[in-house]
Amino acid sequence: MLNVSEKDYVFQYAYVPEHITDYVTAISGGEPFLIKNYLCYNSKGYLIFIGYPLKGAFEKVKMKEALDEAVGQFRPDQIALIAPVIPKLQYSCNKDVSDSYYRLDLANLHMNQKSRNMIKHSSRELSCEKRQGLGDEHKQLISEFLNTHKVDEDTQRLFERIPEYISSVPTAVVFEARDKNGRLIAFDIAEFGSKEYAFYMFNFRSRERYAAGASDLLLHELIKAAQKEGKSFINLGLGINKGIVFFKNKWGGVPFLDYKSCNYNLSNSRIHSLFKFLEVKL
């Protein structure tokens, strides 16, 4: 569990979404801990380890030391590790992903003329509002996304817990776009729980009520809110696919951190068996 000074430290230096402890806690149910400048979340035998140091440059050896300490302290059955580089561990990775985080530098923001024209056009057709919670319309768009996209079980569970995240985390903000009839066309979820960064967390659009430029208009509103709050950057999240990368590049987003993830099952590993043996002996 984090004390008050540790929470302030995390706020000062958070730069990836997984550093936002309220978000990860709401989504995963894990309790946050700070170990050697690294965050991890422990929940009933499941450890989420964030291999991005809060302060200073990434060093694989130091991350490995912190991970080993976390494994020794919490004795997990499973580990989910994300980091710029995955170190060689005593146990094998059974699910791996490679991507990059994209970042928008608000001090050097340049909107091209095409985007300006798109926003100008969409703002005539749509109105944007900022709100704190999700209504039934928003939940329907999340369900629509899950029904029309093939996602893995982890993503399914994450999206299903978004309403709980929004209702329990005060730094989460919803930006919504509605048409002239008041119908919800699209919405973004942003996170402002860091001193330097805002985070572009989720985007949902209605397939039935599609409106060109809705996502651009929402991101434009998010950018204005981040600038108003004195943020220096927006972490736009991962690339995911070519369409999402194109959208982020169009706004000036560039990859700034490598992203690697691995899931490990320790229940049958030698190191886990040794831990259990020592616990019994003690």
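So, here's what we can say about the structure. Note that the structure is a prediction, hence the values are computed from the model and not measured. (Residues numbered from 1 in each chain as written. Predicted model: local features only at pLDDT ≥ 70, side-chain atom pairs only at ≥ 80, totals over all residues. Heavy atoms only, no water.)

1. Here's the deal with the packing of aromatic side chains
The cut-off we apply is this: We call Phe, Tyr and Trp rings a pair once their centres come within 6.5 Å, taking the six-membered ring for Trp, and we label the pair stacked below 30 degrees between planes, edge-to-face above 60, and tilted otherwise. Numbering of helices and strands runs from the N terminus; a helix is a DSSP stretch of H or I covering at least four residues, while a strand is a stretch of E covering at least two. Each residue is assigned to one of three classes by its accessible area relative to the maximum for its type, calculated with a 1.4 Å probe on protein chains only: buried under 20%, partly exposed between the two thresholds, exposed over 50%. Both a distance and an angle decide whether a charge sits over a ring: NZ of Lys or CZ of Arg must be within 6 Å of the ring centre and within 35 degrees of the ring normal.
According to the stated counting rule, one finds 15 aromatic pairs in the structure shown. A centroid spacing of 5.1 Å and a plane angle of 55 degrees characterise the contact between Tyr9 and Tyr13, whose relative ring orientation is tilted. Linking Tyr9 with Tyr13, this pair stays in helix α1 (residues 4-13), spanning four residues, or about one helical turn. Judged by its relative accessible area of 24%, Tyr9 is partly exposed. Residue Tyr13 is classed as partly exposed on the basis of its relative accessible area, which comes to 32%. Members of the aromatic cluster, each reached through a chain of ring pairs, are Phe145, Phe159, Phe187, Phe202 and Phe204. When the ring centre of Phe233 is taken as reference, the NZ or CZ atom of Arg103 above it lies at 4.3 Å.

2. Observations concerning the side chain of Ser194
In plain terms, the rule: By the criterion applied in these results, polar contacts are pairs of N or O atoms within 3.5 Å in which, for protein atoms, one can donate a hydrogen and the other can accept it, and in which residues neighboring in sequence qualify only through two side-chain atoms.
As for its placement among the helices and strands, Ser194 is situated in the loop between β8 (184-191) and β9 (197-205). At a separation of 3.4 Å, a polar atom in the side chain of Ser194 contacts the main-chain amide nitrogen of Tyr197.

3. Some words on the state of the cysteines
As a reminder, the rule being used: We call a pair of cysteine sulfur atoms a disulfide whenever their separation is within 2.5 Å.
The final tally for this structure, using the stated rule, is one disulfide. With a sulfur-sulfur separation of 2.3 Å, Cys93 is cross-linked through a disulfide to Cys262. Taking the torsion about the sulfur-sulfur bond, which here is approximately -95 degrees, the covalent link between Cys93 and Cys262 counts as left-handed. Here the residue Cys93 occupies a position in strand β5 (residues 93-105), and Cys262 occupies one in strand β11 (residues 254-265), the gap between them amounting to 169 residues. For Cys93, a relative accessible area of 31% translates into the label partly exposed. Taking the relative accessible area as the measure of exposure, Cys262 reaches 6% and is therefore buried.

4. A look at the pairing of strand β4 (residues 78-83)
Rules: A strand pair is defined by DSSP finding two or more bridges across the two strands. For crossovers, right-handed means that the path from the first strand over the helix to the second runs clockwise, given strands pointing away from the viewer.
The buried fraction of β4 is high, at five of six residues. Judged from the five bridges that link them, strand β3 (residues 46-50) and β4 form a sheet pairing that is parallel. Residue pairing across strands places Leu47 opposite Ile79, the latter belonging to β4. Running through helix α3 (residues 60-74), the crossover from β3 to the neighbouring parallel element β4 is right-handed.

5. What to know about the pattern of salt bridges
For clarity, the cut-off: For this document, the term salt bridge refers to a Lys or Arg side-chain nitrogen within 4 Å of an Asp or Glu carboxyl oxygen.
One pass over the full model with this rule turns up twelve salt bridges. Here Glu164 makes a salt bridge to Arg161, at a shortest N to O gap of 3.2 Å. For Glu164, a relative accessible area of 41% gives the class partly exposed. Among the residues examined, Arg161 registers a relative accessible area of 27% and is labelled partly exposed. A network of salt bridges, in which partner residues are shared, links Arg131, Glu137, Glu176 and Arg178.

6. Concerning the nonpolar core
Filter applied, for reference: Here, the term nonpolar core denotes a set of buried Ala, Val, Leu, Ile, Met, Phe, Trp, Tyr and Cys residues that are joined through side-chain atoms within 4.5 Å. Any two residues whose heavy atoms approach within 4.5 Å at even a single point are treated as in contact.
With 42 residues, the main nonpolar core has Tyr52, Ile162, Tyr165, Phe187, Ile189 and Phe202 as its most contacted residues. Tallying contributions element by element places β9 first for this core, with five residues. When residues no more than four places from it in sequence are discounted, the contact partners of Tyr165 are Tyr23, Ala26, Ile27, Ala172, Ile189, Ala190, Glu191, Met201 and Phe202. Listed in part, the 28 residues of the second largest apolar core include Leu106, Leu126, Leu217 and Ile223.

7. A look at helix α5 (residues 136-148)
The condition that has to hold: To estimate how far a helix should extend, the number of its residues minus one is multiplied by 1.5 Å. Throughout, the arc means that of the directions going from the helix axis to the C-beta atoms.
The end-to-end C-alpha distance of α5, which contains 13 residues, comes to 18 Å, matching closely the 18 Å that a straight helix rising 1.5 Å per residue would cover. Of the positions making up α5, those classed as buried are His138, Leu141, Ile142 and Leu146. The arc that holds every buried residue of α5, seen down its axis, measures 140 degrees, which confines them to one face. Within α5, the exposed residues directed more than 90 degrees away from the buried face are Asp136, Gln140 and Asn147.

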